[in-house]
Each structure stands twice: as C-alpha cells, then as structure tokens.
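Structural characterization, general
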Amino acid sequence: FISLASKSDTDKIYSQTEKKWTQSQTVGDAFSVKAVFWNPELVQAWVAKYGAENLLSLEEQTAYHRDFIQRERFQRYLVFDVTIDKLKGPALFPINFNKNTYLTDDKGNKYYPLEYPREFDDKIFDKVTGKIYFNRIGKDNQPIVNPETKKITLHFSHLSIEPSYVAQKIELTWKDPYIPPDYTQAS
C-alpha cells in the first residue's frame with residue numbers, strides 16, 4: 001500500500017512538474033509545436049517517478065539519477081524535448097530547420113541547436129518528436145540559464161511551405177528558468 005501511494009505521489013509530482021516546464025503553440029488547425037524544457041527540477045521529478053515505478057532503493061535511485069544525467073547529457077546541454085504535430089492539411093516541410101530554430105535569452109543573445117534528430121529536416125506527415133540540444137554555455141563563457149536569467153524563448157519558423165503558414169512563427173517562452181542546485185542531494 002505504501003509503495004502504491006508513493007508511486008501515485010511521484011506520478012502526480014512528475015505530471016505537475018512536466019506541465020510547469022512544457023510550452024506549446026498551435027497554428028490554426030494546421031500544426032502545433034510542444035516543447036518540454038529538461039531542467040534539474042524536471043529531472044529530479046522523473047528520477048523519483050522512475051524510482052517509485054521500479055521500486056529502486058535510495059542508492060539505486062541516486063545511481064540512476066547520475067546515469068540519466070550523463071546519458072542525456074544535461075550537464076553539457078540545455079535540452080528540449082520537442083514534438084511537431086501536423087494536425088490538418090498538407091505535410092509540413094521545415095526549411096533549414098537548423099537555421100530557423102534557435103534559443104534566445106532575455107539579453108537578446110541567439111543560440112542555434114548543436115544537435116537534433118534529422119527527422120526535423122524531413123517532411124512531416126504526422127508527428128515528429130525528439131530532443132534538441134543547445135550549448136549550456138553562452139558567448140561570454142557563462143551559463144545561458146543562470147540566476148539572473150528572467151526568460152528563455154525557443155523560436156521556430158518556416159515549418160511549412162504552405163503559403164498561408166510559411167510566415168508563421170512559434171515562440172515558446174519559459175519565465176524564470178533557473179533552478180538552483182540542490183546541495184542536500186548526493187552528487
């Protein structure tokens with residue numbers, strides 16, 4: 001009973017945390033873009049959910065946390081889990097995805113993706129999901145997301161060659177994206 005209650009709590013916490021760090025925008029009835037910003041708060045909620053689901057001990061959960069961060073490369077990159085969903089009409093065909101997708105901070109600095117699934121460069125007949133990686137360190141050798149950062153915005157444009165949608169821009173903004181490290185946790 002205790003483990004079921006714990007699992008239910010971690011599911012609820014993860015769901016609320018994921019919702020907090022998810023932004024989405026729909027363009028007419030043609031397509032939508034949803035992005036989840038994987039920051040330390042969401043990572044911790046995911047690890048707790050995974051640990052409860054798999055009945056991990058505290059040591060196993062700590063090891064999984066460390067492995068998950070390393071595997072997903074959260075220590076090196078700002079990571080966004082992005083879904084582009086064609087809702088209606090002709091297939092989407094992103095034009096120069098790597099040049100028309102970028103991250104901005106509240107100082108106006110622009111950062112282009114270092115890595116993303118190649119499916120984002122192909123025709124999208126239904127739905128495409130994948131992680132987009134941006135450098136964690138900005139032009140001034142300082143973290144892009146730091147205690148002074150008020151917001152970050154993920155921009156997408158030219159996702160469709162359909163004349164009525166080609167000029168549509170998607171801007172997904174996260175306010176106060178900095179999460180201070182929790183030094184009470186094991187490293």
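First, a word on what this report is: a plain description of the structure on this page. (Residues numbered from 1 in each chain as written. Predicted model: local features only at pLDDT ≥ 70, side-chain atom pairs only at ≥ 80, totals over all residues. Heavy atoms only, no water.)

1. Brief notes about the pattern of salt bridges
Quick reminder of the rule: The term salt bridge refers to a pairing of a side-chain nitrogen on Lys or Arg with a carboxyl oxygen on Asp or Glu at a separation within 4 Å. Strands are runs of DSSP state E lasting at least 2 residues, helices are runs of H or I lasting at least 4, and numbering of each runs from the N terminus.
This model, assessed by the stated rule, comprises eight salt bridges. Residue Lys131 pairs with Glu72 through a salt bridge whose shortest N-O separation is 3.7 Å. Taken together, the positions of Lys131 in strand β6 (residues 127-135) and Glu72 in helix α3 (residues 58-72) put the pair 59 residues apart, joining distant regions of the chain.

2. With respect to the nonpolar core
The cut-off we apply is this: We call a set of buried residues a nonpolar core when its members are Ala, Val, Leu, Ile, Met, Phe, Trp, Tyr or Cys and they connect through side-chain atoms within 4.5 Å of each other. In this scheme, a residue with accessible area under 20% of its type's maximum is buried, one over 50% is exposed, and one in between is partly exposed, where area comes from a 1.4 Å probe on protein chains only. In this analysis, two residues are considered to be in contact whenever any of their non-hydrogen atoms come within 4.5 Å of each other.
Grouped together as the largest cluster of nonpolar side chains are 31 residues, with contacts concentrated most on Phe80, Val82, Leu154 and Phe156. Where this core is concerned, the elements lending two or more residues are β2 (31-38), β3 (77-86), β6, β7 (151-157) and β8 (169-175). Dropping the residues within four chain positions of it, Val82 is found in contact with Val33, Lys34, Ala35, Phe120, Val128, Thr129, Gly130, Ile132, Leu154 and Phe156. One finds Trp38, Val43, Val47 and Tyr64 within the second-largest nonpolar core, a separate group that totals 13 residues.

3. So, the sheet that holds β6
Strand pairing in a sheet is mediated by backbone hydrogen bonds. Such pairs are either parallel or antiparallel. Keep this limit in mind: Whether two strands pair depends on DSSP finding at least two bridges between them. Only the stretch in contact is used when a helix axis is fitted, and all axes are lines through C-alpha atoms; the angle between N-to-C directions ranges over 0 to 180 degrees.
Across the sheet, four strands lie side by side as β1-β2-β3-β6; this open sheet has antiparallel pairing. Each end of this open sheet is capped by a strand with a single partner; those strands are β1 (22-27) and β6. Going from strand to strand, the sheet's axes swing by 20° on average, the running direction of each strand aside. Of the pairings in the sheet, the one linking β2 to β3 comprises eight bridges and is antiparallel in character. Bridge pairing in β3 links Phe31 to Lys86.

Geometric values such as these leave the question of function open.
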